[in-house]
Amino acid sequence: MVQKCKDGSIDLSPTPSVLHITAYWITKAYGSATAKKLLLALMANIQVIDCDHATALMATNSIIDDIEDALQYYTTLNFEMEYFISADKKLKKVAIPHLPVYTAEEFLNEF
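Residues numbered from 1 in each chain as written. Predicted model: local features only at pLDDT ≥ 70, side-chain atom pairs only at ≥ 80, totals over all residues. Heavy atoms only, no water.

Visitor: Help me understand the overall build of the protein chain in this model?
Guide: Per the secondary structure count, the protein chain includes seven helices and two strands. For the protein chain, whose C-alpha radius of gyration is 15 Å, the value lies close to the compact-globule estimate of 13 Å for 111 residues. Expressed as lengths along the three principal axes of its C-alpha atoms, the size of the protein chain is roughly 40 × 30 × 20 Å. Contacts in the protein chain between residues at least 24 apart in sequence constitute 41% of all its contacts with a sequence separation of at least 6. Per element, the accessible surface of the protein chain, about 7600 Å² overall, is 57% carbon and sulfur. A gap of 11 Å separates the mean positions of the 9 positive and 14 negative side-chain charges of the protein chain. (Helix = DSSP H or I, 4+ residues; strand = E, 2+ residues; numbered from the N terminus. Rg over C-alpha atoms; globule rule 2.2 N^0.38 Å. Contact = heavy atoms within 4.5 Å. Areas by Shrake-Rupley, 256 points an atom, 1.4 Å probe, with all protein chains shown as cover. Lys, Arg positive; Asp, Glu negative; His and termini not counted. Charge placed at Lys NZ, Arg CZ, Asp CG, Glu CD.)

Visitor: How do you make sense of unusual backbone geometry when you look at a structure like this?
Guide: Leave glycine aside and you will find that most residues have negative phi; peptide bonds, for their part, are mostly trans. In this structure, glutamate 80 is a non-glycine residue whose phi angle is positive, near 55 degrees. Of note, glutamate 80 is situated in the loop between helix 5 (67-78) and strand 1 (84-85).

Visitor: Please explain the packing of helix 2 (residues 16-30) against helix 3 (residues 32-43) as it appears in this structure.
Guide: Two numbers describe a pair of packed helices, the interaxial angle and the distance between the axes. For the pair helix 2 and helix 3, interaxial distance at closest approach is 8 Å and the crossing angle is 140 degrees. In terms of orientation, helix 2 and helix 3 fall into the oblique class. For the pair helix 2 and helix 3, the crossing hand works out as right-handed. The segment helix 2 lies against helix 3, with Leu19, Thr22, Ala23, Ile26, Thr27 and Tyr30 engaging Ser32, Thr34, Ala35, Leu38, Leu39 and Met43. Grouping the constituent residues of the contact of helix 2 with helix 3 by class yields eight nonpolar, four polar and no charged. (Axes fitted to C-alpha atoms, helices over the stretch in contact; angles between N-to-C directions. Parallel < 35°, antiparallel > 145°, perpendicular 65-115°, else oblique. Left-handed = near helix turned anticlockwise from the far one by under 90°. Nonpolar A, V, L, I, M, F, W, Y, C, P; charged D, E, K, R; others polar.)

Visitor: How should the side chain of threonine 75 be read in this particular structure?
Guide: Summarising the element assignment, threonine 75 is placed in helix 5. For threonine 75, a relative accessible area of 2% corresponds to the buried category. There is a polar contact of 2.6 Å between the side chain of threonine 75 and the backbone oxygen of leucine 71. Leaving out residues up to four positions away in the same chain, threonine 75 has contacts with Thr15, Ile49, Asp50, Cys51 and Thr55. (Buried < 20%, exposed > 50% of the residue type's maximum accessible area, 1.4 Å probe, protein only. Polar contact = N/O pair within 3.5 Å; in protein donor to acceptor, adjacent residues only side chain to side chain.)

Visitor: Mind showing me how you'd approach the packing of helix 4 (residues 53-60) against helix 5 here?
Guide: Packing of helix 4 against helix 5 leaves a shortest axis separation of 8 Å and a crossing angle of 130 degrees. In terms of orientation, helix 4 and helix 5 fall into the oblique class. In this structure, the crossing between helix 4 and helix 5 has a hand that is right-handed. Between helix 4 and helix 5, the residues in contact are Thr55, Ala56, Met58 and Ala59 and Ala70, Leu71, Tyr74, Thr75 and Asn78, respectively. Of the residues contributing to the contact of helix 4 with helix 5, the split by class is six nonpolar, three polar and no charged.

Shown next as structure tokens:
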């Protein structure tokens with residue numbers, strides 16, 4: 001998927017929490033210096049998006065039980081993104097038609 005972003009086929013816009021989790025795992029695997037290089041290379045091809053207070057309130061009041069998923073989903077809605085990629089099957093069930101949830105594999109197969 002990152003390659004599709006690099007070649008301009010798609011735009012990737014993760015939230016800071018996704019970047020945080022990614023940073024944690026690549027730091028654990030490769031050490032801090034390499035993790036920073038990898039993250040900087042990744043961030044050269046993506047745009048990190050974040051939610052404001054109003055979006056956080058809407059997400060917290062939503063029907064989505066997982067608060068972290070709700071924050072990410074509503075942030076994506078706020079930025080008027082077309083797709084949301086997640087492996088969470090519960091989130092897929094509560095998604096609205098305006099912002100469908102795809103697994104990474106489904107997204108790559110479809111687009």
